[in-house]
Amino acid sequence: MIMEEMLPTERITIKNVLSPDLGKLERAAAILRRGGLVAFPTETVYGLGANALDEAAARRIYAAKGRPSDNPLIAHIADLAGLEPLVTRIPEEAKRLMEAFWPGPLTLVFPKSGLVPGGTTGGLDTVAVRLPSHPVARAIIRLAGVPVAAPSANTSGRPSPTLAEHVWQDMEGKIDLIVDGGPVGIGLESTIIDVSGEMPVILRPGAVTREMAGRVLGRFVLLDPAISGDVPMDLGLRPKAPGMKYKHYAPKGDLTLVEGTSEAVAGAIRQMAEEKLEAGFRVGIICTDETRKLYPKAGAMPEEELILNLGPRGKEELIAHNLYGILRRFDDMEADFIYSEMVPADHLGQAIMNRLKKAAGYRIVSV
Ligand code: TXA
Ligand code: MG
């Protein structure tokens, strides 16, 4: 048996994320330059960075995450000048999307140049590129002087980290450094749009919504049918973003989504929760501000039951921000069964429901 090598994972905290201490971040850049692994905050989720041009460094990312090596990584750049060396062509529609949404939570898939090794793109002839807006992420990439491959900094199959603490839980002993920049802003991974073909196609919904992209391009933007959220992956459609085919974002417990009117949903969730509690299981419930009152009060609940609130239904940004942290808390309490309400799947709700349905393995009960 090969013993996995444990690394003494360092941790540094950046207090002023808007204008970060570059002296501290130089440490992160130095580790990246020598092929090491650094987790850092972005505006979407925490990323696990390595030099995107160094295949050995990319292999370390796959090992730390336990991620299949056919699942390509996103190359993060610090400014627009970083794009050209990585791609062979920048289509007109890509330029319009970049103007509107970069820096920000949008990843674009381009035909890749010879500079990008197959080891970071899972052998594909395309490369996904993102110019993040988070000042800490951009400073680290700029100081490193190389494009930085960065998947979400979670163990493969777990919810993406929205706090440095989540990264610590998954990556302690496996990576060189965690840069703690506090909670991330958005809480869901970037929108991915493939601009390498005839027409732009959304491969993963995110904070740059289909409606927003459509407005900029002046047309209806296609969504990869395999990820519309209604089709389980095992029905044979192959998503174009290889990562979308895995059962991602999965909590340890069995998650079931319940759809219908608020009262009917809460009633059904209460009933299923009570049955499981009586059978001796630990149960989690995901509700919203508007429905919290339809469930028992905190003090009245048995220890085996945890009810967590996503936030107000009208505020999709808050729901997106809270979702992964809530899923992780159910893992921490070792919930056996989790029941969740749903939100409308338009605008940011499309990304929220995409992640929730995947986490639930498409188990949905209509009442
Ligand atoms: O918000 C984000 O994008 C975060 C932060 C850290 O930037 N990163 C992230 O990376 O979510 P990751 O590796 O967890 O997800 C990347 C997704 C995967 O589903 C992968 O298959 C897809 O992007 N992808 C990467 N390169 C691709 C390519 N050339 N063609 C199609 N899909 C690609
Ligand atoms: Mg990920």
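The present account deals with the structure reproduced in this document. (Residues numbered from 1 in each chain as written. Chains lettered and ligands numbered in written order. Predicted model: local features only at pLDDT ≥ 70, side-chain atom pairs only at ≥ 80, totals over all residues. Heavy atoms only, no water.)

## Brief notes about the overall build of the chain
Right, so step 1: From N to C terminus, the chain includes nine helices and 16 strands.
Right, so step 2: Computed over C-alpha atoms, the radius of gyration of the chain comes to 20 Å, within 12% of the 21 Å expected from 2.2 N^0.38 for 367 residues, which places it in the range of a compact globule.
Right, so step 3: Projecting the C-alpha coordinates of the chain onto the three principal axes gives extents of approximately 60 × 50 × 45 Å.
Right, so step 4: The buried share among the 367 residues of the chain stands at 56%.
Right, so step 5: When the accessible surface of the chain is summed, it comes to about 15,400 Å², and 54% of that surface belongs to carbon and sulfur atoms.
Right, so step 6: Charge separation in the chain, taken as the distance between the mean sites of 42 positive and 46 negative side-chain charges, equals 3 Å. (Helix = DSSP H or I, 4+ residues; strand = E, 2+ residues; numbered from the N terminus. Rg over C-alpha atoms; globule rule 2.2 N^0.38 Å. Buried < 20%, exposed > 50% of the residue type's maximum accessible area, 1.4 Å probe, protein only. Areas by Shrake-Rupley, 256 points an atom, 1.4 Å probe, with all protein chains shown as cover. Lys, Arg positive; Asp, Glu negative; His and termini not counted. Charge placed at Lys NZ, Arg CZ, Asp CG, Glu CD.)

## Details of helix H1 (residues 22-33)
Structural remark: α-helix, 3.6 residues per turn; residues separated by three or four positions point the same way.
Right, so step 1: When the terminal C-alpha atoms of H1 are compared, their 16 Å separation across twelve residues agrees well with the 16 Å that a helix rising 1.5 Å per residue should span.
Right, so step 2: The set of residues buried in H1 consists of Leu25, Ala28, Ala29, Ile31 and Leu32. Mapping the buried residues of H1 onto a view down its axis gives an arc of 160°, with all of them on the same face.
Right, so step 3: For H1, the capping residue at the N-terminal end is Asp21, with a side-chain oxygen 2.9 Å from the backbone nitrogen of Gly23.
Right, so step 4: Just downstream of H1, Gly35 is the residue with a positive phi angle, here 90°. (Expected span 1.5 Å × (residues − 1). Arc of directions from axis to C-beta. Polar contact = N/O pair within 3.5 Å; in protein donor to acceptor, adjacent residues only side chain to side chain.)

## Focus: the side chain of Thr126
Right, so step 1: Within the secondary structure layout, Thr126 lies in strand S6 (residues 126-130).
Right, so step 2: Judged by relative accessible area, which is 18%, Thr126 ranks as buried.
Right, so step 3: With sequence-adjacent residues up to four places away left out, Thr126 is seen in contact with Val109, Phe110, Pro111, Lys112, Thr121 and Ser196. (Contact = heavy atoms within 4.5 Å.)

## What about the sheet that holds strand S14 (residues 305-309)?
Right, so step 1: In space, the five strands of this open sheet follow the order S14-S13-S15-S12-S16, with parallel pairing throughout. At either end of the open sheet lies a strand with only one pairing partner, and these are S14 and strand S16 (364-366). Neighbour-to-neighbour, the strand axes of this sheet turn through a mean angle of 20°, independent of strand direction.
Right, so step 2: Pairing geometry for strand S13 (residues 283-287) and S14, over five bridges, is parallel. Its bridge partner being in S14, Ile286 is matched across the sheet by Leu308.
Right, so step 3: Relative to S14, helix H8 (residues 316-332) is tilted by about 175°, and along the sheet it contacts strand S12 (254-259), S13, S14 and strand S15 (337-340). (Pairing = 2+ DSSP bridges. Axes fitted to C-alpha atoms, helices over the stretch in contact; angles between N-to-C directions.)

## Examining the pairing of strand S8 (residues 177-180)
Right, so step 1: Side chains Leu177 and Val179 project from S8 onto one buried face, and the interleaved Ile178 and Asp180 project onto a second face that is buried too.
Right, so step 2: Of the strand pairs in this sheet, strand S1 (residues 10-13) and S8 are connected by four bridges, and their pairing is parallel. Bridged to Thr13 within S8 is Asp180.
Right, so step 3: Inspection of the sheet shows strand S2 (residues 38-40) paired to S8 by two bridges, in the parallel sense. Following the sheet pairing, Val38 is matched in S8 by Leu177.

## Some thoughts on a nonpolar patch on the surface
Right, so step 1: A contiguous nonpolar patch, built from Met199, Phe220 and Leu222 and spanning about 320 Å² of accessible area, is present on the exposed surface.
Right, so step 2: Within the fold, Leu222 resides in strand S11 (residues 222-223). (Patch = residues over 30% accessible without salt bridge, like charges linked within 9 Å, V, L, I, M, F, W, Y side chains within 5 Å. Salt bridge = Lys/Arg side-chain N within 4 Å of Asp/Glu carboxyl O.)

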